[in-house]
Amino acid sequence: MKYPLSTEPTHPPLHVPQLYELVADRLKKSIQDGSYPPGARLPAERDLAATLGVGRATVREAMGELVNQGVVQTRPNAGSFVRDTALEVMRSAASAPAHPDTSPLSTLAARLAIEPLVAQFAAAVGGRDPEIERLLDHMEHTSDLSDPAQRRAWNEADRQFHQRIAQMSGNPVMVAIAQVVAAAVDEPLWRQLRDHGIHDPARARLYVYEHRLIYEAIATGNEEAAGFSVRQHLERVQKDMLAAG
């Protein structure tokens, strides 16, 4: 007996809001109801976290999203302020379909679970890789991270470095996972938090040094050191991106 194909209309999958999205929406409602009018300074991250019952890292993600949307602007050593055009921006965006970025907290948690193992797989193969060495040299010789073009190139080299480690493993599943991660760390929210929390010359030098430790452990076949070095590096990225300020 043949069964007819379903003629039920198809629906897009339900979107389950991430925590930072809920916090960003709560802040936008407070802007709309006049609690934080255009031009107002928003409370400090720690105060918002306490009021909303979330971690400071989640508030940082939400603020980064509001900056990307053009609702909020941050001023060095002054805080975050509602833009004069915030209400107009929110009205214009209300009818546009939302494509939320992956939470950087979620991305970092996944990277901490996955990338040390990827590095160990790569170290099991071992050997030198001219492409990784080229990326490291480029990062090391970047002279001015305050220049947007140089910063973009540095970040792209960083992204490719981590992808290349997966390629060195020779494992196609690892390569596919690395491509998903690479896409997540190229999203606007990740870039916003990274640029706000990471980029100064001292941190950049430290990151290159940590990348070289990772690479040397992989090249010499030291699986334990490769996994440890990746975890140590990602824990530093996590702290710099989401726990500072």
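Please refer to the structure placed before this passage.
Please read these numbers as outputs of a predicted model, since none were measured by experiment.

### Topic: the overall build of the protein chain
Looking only at helices and strands, the protein chain features 11 helices and 2 strands. Its helices and strands taken in sequence order, the protein chain reads α-α-α-β-β-α-α-α-α-α-α-α-α from the N to the C terminus. Taking all 245 residues of the protein chain together, 42% fall into the buried category. Once local pairs closer than 6 in sequence are excluded, the contacts in the protein chain between residues at least 24 apart make up 75%. By element, 54% of the accessible surface of the protein chain is carried by carbon and sulfur atoms, the whole surface being about 13600 Å².

### Examining the pairing of strand E1 (residues 72-75)
Pairing of E1 with strand E2 (residues 79-82) involves 4 bridges; the strand directions are antiparallel. By the bridge assignment for E2, Thr74 is matched with Ser80. Between E1 and E2, which pair antiparallel one after the other, the connecting turn spans 3 residues, and Asn77 there sits at a positive phi close to 60 degrees.

### Considering the nonpolar core
Buried together is how nonpolar side chains tend to be arranged in soluble globular proteins. Ranked by size, the top nonpolar core spans 40 residues in total, and within it Ile132, Trp154, Phe161, Ile165 and Ile218 carry the most contacts. Of all the elements in the fold, those that place two or more residues in this core are helix H5 (104-125), helix H6 (130-140), helix H7 (148-169), helix H8 (172-184), helix H9 (188-197), helix H10 (201-219) and helix H11 (223-242). Sort the elements by how many residues they give to this core and H10 lands first, with 8 residues. Excluding anything up to four places from it in sequence, Phe161 contacts Ile132, Leu135, Leu136, His211, Ile214 and Tyr215.

### A look at the packing of H6 against H10
Taken N-terminus to C-terminus, the directions of H6 and H10 make an angle of 165 degrees; their axes are 10 Å apart at the nearest point. As the angle between them shows, H6 and H10 are arranged roughly antiparallel. Considering how the two elements wind past one another, H6 and H10 form a crossing that is left-handed. The residues of H10 that touch H6, namely those facing Ile132, Glu133, Leu136, Asp137, Met139 and Glu140, are Val208, His211, Arg212 and Tyr215. Per-class residue counts for the contact of H6 with H10 are 5 nonpolar, 1 polar and 4 charged.

About the thresholds
One numbering rule holds for all chains: residues counted from 1, following each sequence as written. Thresholds applied to this predicted model are a pLDDT of at least 70 for local features of residues and 80 or more for the giving and counting of side-chain atom pairs; totals over whole chains, interfaces and linings are not thresholded and use all residues. The basis for every side-chain value is the complete set of heavy atoms in the structure, and neither hydrogens nor water enter the calculation. Here a strand is any run of E in DSSP of at least two residues, a helix any run of H or I of at least four, and the numbering for each starts at the N terminus. For each residue, the accessible area found with a 1.4 Å probe, counting protein chains only, is set against the maximum for its type, and the residue is called buried under 20%, exposed over 50%, and partly exposed in between. Only heavy atoms enter the contact rule, under which two residues are in contact if any of them lie within 4.5 Å. Per-residue and other accessible areas follow the Shrake-Rupley method at a 1.4 Å probe size, with only the shown protein chains counted as cover for residues. Paired strands are those between which DSSP finds at least two bridges. To form a nonpolar core, buried Ala, Val, Leu, Ile, Met, Phe, Trp, Tyr and Cys residues must be joined to one another through side-chain atoms within 4.5 Å. Simply put, an axis is a line fit to the C-alpha atoms, just over the touching stretch for a helix, and the angle between two N-to-C directions goes from 0 to 180 degrees. Each angle receives one of four descriptions, namely roughly parallel if under 35 degrees, roughly antiparallel if over 145, roughly perpendicular if within 65 to 115, and oblique otherwise. Should the near helix be turned anticlockwise from the far one by less than a right angle, the crossing is termed left-handed; should it be turned clockwise, right-handed. Charged means Asp, Glu, Lys or Arg here, nonpolar means Ala, Val, Leu, Ile, Met, Phe, Trp, Tyr, Cys or Pro, and polar covers whatever is left, Gly included.

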